[in-house]
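Breakdown of the fold
Here are the chains, one letter per residue:
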Amino acid sequence: MPQSVPSLPRRVARMLRTSLFAQVACALVLGILVGKLWPDVATDLQPLGDGFTRLIKTIISPLVFCVVVVGIAKAGDLKAFGRIGLKALIWFEVASTLALLIGLLAANIVQPGSGMNVDPATLDTSAVDAKTGGGSLPSTTEFVVNALPTSFIGAFAENSLLQVLILACLVGAALLHLGHTKVPQVLPAIEQAQEIIFAIVGFVMRLAPIAVFGAMAVLIGQYGLGVIETYAKLIILCYAAAALFIALLAVALKAVTGLSLWKFLRYIREEMLLALGTASTESVMPRVMQKLRKAGARDDAVGLVLPTGYSFNLDGASLYLSIGTLFISQAVGVDLSLGQQITVVLVLMLTSKGMAGIPGSAFLALSATASSLGAIPAGAVALLLGVDRIMDSMRVVTNLLGNCVAVFAVSRWEGALDIERAKKVLNGEHTSGQEEDEESLGLGVPDASDASDASDEAKEAPVRPGAHAAAGTAPTSQGLPDSAVPAQSAAKESAPEAH
């Protein structure tokens, strides 16, 4: 007789319990509803998203350190690591420059700010100062100097990824220099610490739906849905330009590696939805690193390219900055010449680097660009205050996909990518070790309620003749009766251990 099929409510309930994607999607919808119906209540939910982001940030620096050190030590070639870094920087510069050019081309064709005729004197620039905290973007010299750590502990305490990367490179190089005979216990200890960190990631990710709910409720509660109507032309242009850039990324990934970006997007759909909900790519960095490693990218490539891209490869921010600059100039009636637009690209190529982690960095970069041109009032950047948070989704998706494609492309370029494994993983085929990876991420682990459902279904299902239940013995590992298990265990213990 055929087994009974679980009812629809039970299948939905199970999906909500076991699928992070379903949990985050529901939290996203609930957050929008709460923000729309009870905006005053929604603004008090800010700590939900902030708390989750804080927990994730405590994990990022030690995780990056462990992955990079283990990657260098296992690769056994510091020169190869240097080549990966150089190739990553080349890829980052080409990609971000392409994003800037696409943004300028789109803004020149569509003219999103034309006809607004805004008087800059009527704009309240104090809101921009509040957004940026009165700060400024570092100069190139300051950026390079600040990337060098002044303290081993301080780099981790300040959560400075570039400083942590430099420390990890030094430690990995030292391990290669000394060899495993002089420091035999160091590398295994770092590998064990890495596994502990990934286990912590699995615990923290269970809070992701709560964080998404709080973040979306605050967004809708503060800004409402009316801002979309006011800036519809600009919003549509930015998202259309981002879609074009992502399509080009897909072509580049296919040409370089033969992999499909759309399959990869399905592979990281949970992380993408979480990043959209929290408006932060940092919140998914640990899980994305693990998934890239599982998809065939070598540890040293993942550990170097992805964290570095968070500072150097902000493709979505580059798109937004170039479109935003022309939007402001068009809104205040300033016609920028070709030479001035080339200056915009050159200035943004510098100011867009090192923006990560700086409050209001987009407004600081726009203000710096306006000041360098001398034709646009710096206070005009206040025009983008109302729409900036709506643009976070575009920036997050583009930045994250841009960095992931960079990992695959640079890995392939350096011969650090297992293409066959990558294709199997992206096609949904399980590979050896994938189940263990999922457990370390907190995925696919059944809870007590799943066991309850299973027992209920077992009760509903008919018992076949010859089943264990008829014999009165419970099934055990590999279908052996209980009496055979001790003998099997004893045989394993008596067998010599393989080295």
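Given the structure is predicted, the values throughout are model-derived calculations rather than measurements.

**Details of the packing of helix H4 (residues 46-75) against helix H10 (residues 186-205)**
The interhelical angle for the contact between H4 and H10, taken along N-to-C directions, is 150°, at an axis separation of 9 Å. Taken together, the axes of H4 and H10 are roughly antiparallel relative to one another. Viewed along their axes, H4 and H10 form a crossing whose handedness is left-handed. Note on element contacts: H10 touches H4 through Leu 187, Ile 190, Glu 191, Ala 193, Gln 194, Ile 197, Phe 198, Ile 200, Val 201, Val 204 and Met 205, opposite Phe 52, Leu 55, Ile 56, Ile 59, Pro 62, Leu 63, Cys 66, Val 67, Val 69, Val 70, Ala 73 and Lys 74. Partitioning the contact of H4 with H10 into residue classes produces 20 nonpolar, 1 polar and 2 charged.

**A few points about the packing of helix H5 (residues 78-110) against helix H17 (residues 299-312)**
Their axes nearest at 10 Å, the elements H5 and H17 cross at an angle of 35°. Between H5 and H17 lies a crossing whose hand is right-handed. Across the interface between the two elements, Phe 81, Ile 84, Gly 85, Ala 88, Leu 89 and Phe 92 from H5 touch Asp 300, Ala 301, Leu 304, Val 305, Thr 308, Gly 309 and Phe 312 from H17.

**Looking at a nonpolar patch on the surface**
Together, Val 29, Leu 30, Leu 33, Leu 37, Trp 38 and Val 41 make up a nonpolar patch on the protein surface, roughly 600 Å² of accessible area in all. It is helix H2 (residues 20-37) that contributes the most residues to the nonpolar patch, 4 residues altogether. Mapped onto the fold, Trp 38 is located in the loop between H2 and helix H3 (39-42).

**Some remarks on helix H13 (residues 232-257)**
Structurally, the α-helix is built with 3.6 residues per turn, so residues lying three or four positions apart point the same way. Here H13 contains 26 residues, and its C-alpha end-to-end distance of 37 Å stays within 8% of the 38 Å for a straight helix at 1.5 Å per residue. Residues Leu 234, Ile 235, Leu 237, Cys 238, Ala 241, Ala 242, Phe 245, Ile 246, Leu 249, Ala 250, Leu 253 and Thr 257 constitute the buried set of H13.

**With respect to the confidence of the model for the protein chain**
Of the residues in the protein chain, 74% reach a pLDDT of 70 or more, and the chain-wide mean stands at 76. Counting contacts from residues 434-499, a segment whose pLDDT is below 50, to residues more than four positions away or on other chains yields 53 contacts.

**Side note on the pattern of salt bridges**
Pairing is possible between side chains of opposite charge, provided their charged atoms come close. This structure, assessed with the given rule, holds 9 salt bridges. The partner of Glu 271 in a salt bridge is Lys 291, with the nearest N and O atoms 3.3 Å apart. You can see Glu 271 sitting in helix H15 (residues 269-278) and its partner Lys 291 sitting in helix H16 (residues 285-294), a full 20 residues away along the chain. You'll find Glu 271 and Lys 291 in the same group, each marked buried. Between Asp 299 and Arg 293 there is a salt bridge, with its nearest N and O atoms 3.0 Å apart. Accessibility assignment for this pair places Asp 299 and Arg 293 in one class, buried. One connected set of salt bridges, linked through shared partners, spans Glu 270, Glu 271, Arg 287 and Lys 291.

**So, the side chain of Thr 308**
Relative to the assigned elements, Thr 308 resides in helix H17. When sequence neighbours within four positions are dropped, the list of residues in contact with Thr 308 reads Leu 89, Phe 92, Leu 165 and Asn 313.

**Thoughts on the packing of aromatic side chains**
A full pass over the atoms with the stated rule returns 5 aromatic pairs. Relative to Tyr 267, the ring of Phe 264 has its centre 6.2 Å away and its plane inclined at 50°; by these criteria the two rings are tilted. Placement of both Phe 264 and Tyr 267 in helix H14 (residues 261-267) is noted, with a separation of 3 residues, approximately one turn of the helix. With relative accessibility at 11%, the residue Tyr 267 sits in the buried group. Here a set of aromatic residues connected by ring pairs shows up, and it is made of Phe 65, Phe 152 and Phe 156. In this structure, Lys 291 packs its charged tip against the face of Tyr 267, placed 5.0 Å from the ring centre. Taking NZ or CZ as reference, Arg 395 lies 4.6 Å from the ring centre of Tyr 320, over its face.

**Focus: the side chain of Gln 330**
By the secondary structure assignment, Gln 330 is in helix H18 (residues 315-331). With residues up to four places along the chain from it excluded, the contact list for Gln 330 reads Ala 107, Gln 111, Pro 112, Gly 113 and Ser 114.

**Let's talk about unusual backbone geometry**
The phi dihedral of Gln 111 falls on the positive side, at around 55°, and the residue is not glycine. Checked against the element boundaries, Gln 111 lands in the loop between H5 and helix H6 (126-132).

**Considering helix H21 (residues 392-414)**
A rise of 1.5 Å per residue sets the reference length of H21, with its 23 residues, at 33 Å; its end C-alpha atoms lie 32 Å apart and thus fit the reference within 8%. Taken across its 23 residues, H21 has 20 buried, putting it largely inside the fold. Note on H21: the residue one or two positions beyond its end, Gly 415, has a positive phi of about 75°.

Cut-offs applied
- Residues numbered from 1 in each chain as written.
- Predicted model: local features only at pLDDT ≥ 70, side-chain atom pairs only at ≥ 80, totals over all residues.
- Heavy atoms only, no water.
- Axes fitted to C-alpha atoms, helices over the stretch in contact; angles between N-to-C directions.
- Helix = DSSP H or I, 4+ residues; strand = E, 2+ residues; numbered from the N terminus.
- Parallel < 35°, antiparallel > 145°, perpendicular 65-115°, else oblique.
- Left-handed = near helix turned anticlockwise from the far one by under 90°.
- Contact = heavy atoms within 4.5 Å.
- Nonpolar A, V, L, I, M, F, W, Y, C, P; charged D, E, K, R; others polar.
- Patch = residues over 30% accessible without salt bridge, like charges linked within 9 Å, V, L, I, M, F, W, Y side chains within 5 Å.
- Areas by Shrake-Rupley, 256 points an atom, 1.4 Å probe, with all protein chains shown as cover.
- Salt bridge = Lys/Arg side-chain N within 4 Å of Asp/Glu carboxyl O.
- Expected span 1.5 Å × (residues − 1).
- Buried < 20%, exposed > 50% of the residue type's maximum accessible area, 1.4 Å probe, protein only.
- pLDDT = per-residue confidence, 0-100.
- Phe/Tyr/Trp six-rings, centres within 6.5 Å; stacked < 30°, edge-to-face > 60°.
- Lys NZ or Arg CZ within 6 Å of the ring centre and 35° of its normal.

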